[in-house]
Amino acid sequence: MAVVGDERVDCDGCGRTVSLEQLTTVTMPDDQQVVCCPDCAPHARAAARKGRSLDQRRDACDGCTGTFLVAELEDVVLDDGTVLTCCPSCAAEAPTTTDDDTASPDAGCLADAETVTGSPPADDPQYRCTQCHEQVSEEPFCVTTIDGRTERLCPDCKANAEDRGIVAAVEMRKTRAREILGVEPDVTDDELRDVYHKQVKRAHPDRKSGSKSAFQLVTEAYERLCDDE
């Protein structure tokens, strides 16, 4: 939350710096107080009424450089491993990483944005969604709900939970992490470390090929694959 002590402070929604007179304080469901500019205040009140969190943060598209809501931006992995954060229009035009064995998922569908490319080996165990209890062959999404529960959901149940506004966080799937770093499931620790060092250097914000969001995405993918599960 922004500290109200100066004449101008940052809005907790979009991050813009505005004068104190323009700010409104809104109490969220977790009793946290957020300060909002006139544009974000209505959204914050609506989110508070529905038990949701405030998410009006904005960031720049690496393609057209326009500013969009973070929720509208998506990460696109290019053939050379470069990760770009794009608005829907730029994402649709970006040349994404291809896989000779499988078709690319539909970039416009939120529930499919992290769908596994390819099928697991025949001897892999089936997963069971903790919501619909159906068995699925792809890795489920590890979802934390707003009441603190941890669920492992199939894509359909994850999308349904997001529509209902009960999702607090979604952990990156290991299949998605491997896709970002371009490694196979049997990658060794040393190989993974070498790939990460190359990718994170390319994604560093100080380089022309990098950006802050790309750097964070590569780091998150590496940390996810280092997790014991």
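You'll find the structure just up there.
Remember, predicted model here, so these are calculated numbers, not experimental data.

(A) How the structure looks around the overall build of the protein chain. Looking only at helices and strands, the protein chain has 6 helices and 13 strands in total. Taking all 229 residues of the protein chain together, the buried fraction comes to 35%. Taking the contacts inside the protein chain whose residues are at least 6 apart along the sequence as the reference set, 35% of them involve residues at least 24 apart. For the protein chain, the accessible surface area stands at approximately 13,800 Å², while carbon and sulfur atoms represent 45% of it.

(B) How the structure looks around the environment of A47. Its place among the elements puts A47 in helix α1 (residues 41-49). On the basis of relative accessibility, which here comes to 5%, the residue A47 falls in the buried class.

(C) View of the nonpolar core. Formed by 17 residues in total, the largest nonpolar core has its most connected members in V83, I180, L181 and V218. Looking at this core, the elements with two or more residues in it are α4 (174-181), α5 (189-203) and α6 (212-226). With residues near it in sequence (within four places) discarded, I180 still touches V77, V83, M172, Q199, L217, V218 and A221. Grouped together as the second largest cluster of nonpolar side chains are 13 residues, M28, C37, A41 and A44 included.

(D) Spotlight on the layout of surface pockets. When its volume is computed, the second largest pocket comes out at roughly 210 Å³. V187, D189, L192, L225 and C226 are the residues nearest the centre of the second largest pocket, which is lined by 13 residues in total. When residues of the lining of the second largest pocket are traced back to their parent elements, those giving at least two are α4, α5 and α6. By residue class, the composition of the lining of the second largest pocket is 6 nonpolar, 1 polar and 6 charged.

(E) Geometry of helix α3 (residues 155-163). For α3, the complete set of buried residues consists of P155, C157, K158, A159 and A161. In the core, the buried residues of α3 are packed alongside β11 (141-145), β12 (150-153) and β13 (167-171). Two residues or fewer past α3, G165 is found with a positive phi of approximately 75°.

(F) Representation of the packing of α5 against α6. Direction vectors running N to C along α5 and α6 enclose 165°, while the axes themselves pass 8 Å from each other. Considering the angle they form, α5 stands roughly antiparallel to α6. The hand of the α5/α6 crossing is left-handed. For the pair formed by α5 and α6, the contact residues are L192, R193, Y196, Q199, V200 and A203 on the first element and A214, F215, V218, T219, Y222, L225 and C226 on the second. Among the residues making up the contact of α5 with α6, the classes are represented as 10 nonpolar, 2 polar and 1 charged.

(G) Region of interest: the pattern of salt bridges. One pass over the full model with this rule turns up 7 salt bridges. One salt bridge in this structure joins R149 and E151, with 2.3 Å as the shortest N-O distance. Overall, R149 belongs to the partly exposed group, its relative accessible area being 37%. What makes E151 buried here is its relative accessible area of 14%. Among the ionic pairs, E179 bridges to R176, the shortest N-O distance being 2.5 Å. Highlighted residues: E179 and R176, both in helix α4, separated by 3 residues, approximately one helical turn. Classification of E179 by relative accessible area gives partly exposed; the value is 31%. Of the residues examined, R176 reaches a relative accessible area of 10% and is grouped as buried. Here the salt bridges do not stand alone but share partners, grouping D147, R149 and E151 into one network.

Criteria and thresholds
Residues numbered from 1 in each chain as written. Predicted model: local features only at pLDDT ≥ 70, side-chain atom pairs only at ≥ 80, totals over all residues. Heavy atoms only, no water. Helix = DSSP H or I, 4+ residues; strand = E, 2+ residues; numbered from the N terminus. Buried < 20%, exposed > 50% of the residue type's maximum accessible area, 1.4 Å probe, protein only. Contact = heavy atoms within 4.5 Å. Areas by Shrake-Rupley, 256 points an atom, 1.4 Å probe, with all protein chains shown as cover. Core = buried A, V, L, I, M, F, W, Y, C linked by side-chain atoms within 4.5 Å. 1 Å grid on protein atoms, 1.4 Å probe; cavity = no way out; pocket = protein on both sides within 12 Å on 5 of 7 lines; lining within 4 Å. Points joined across faces, edges and corners; volume = space filled by probe spheres on them. Nonpolar A, V, L, I, M, F, W, Y, C, P; charged D, E, K, R; others polar. Axes fitted to C-alpha atoms, helices over the stretch in contact; angles between N-to-C directions. Parallel < 35°, antiparallel > 145°, perpendicular 65-115°, else oblique. Left-handed = near helix turned anticlockwise from the far one by under 90°. Salt bridge = Lys/Arg side-chain N within 4 Å of Asp/Glu carboxyl O.

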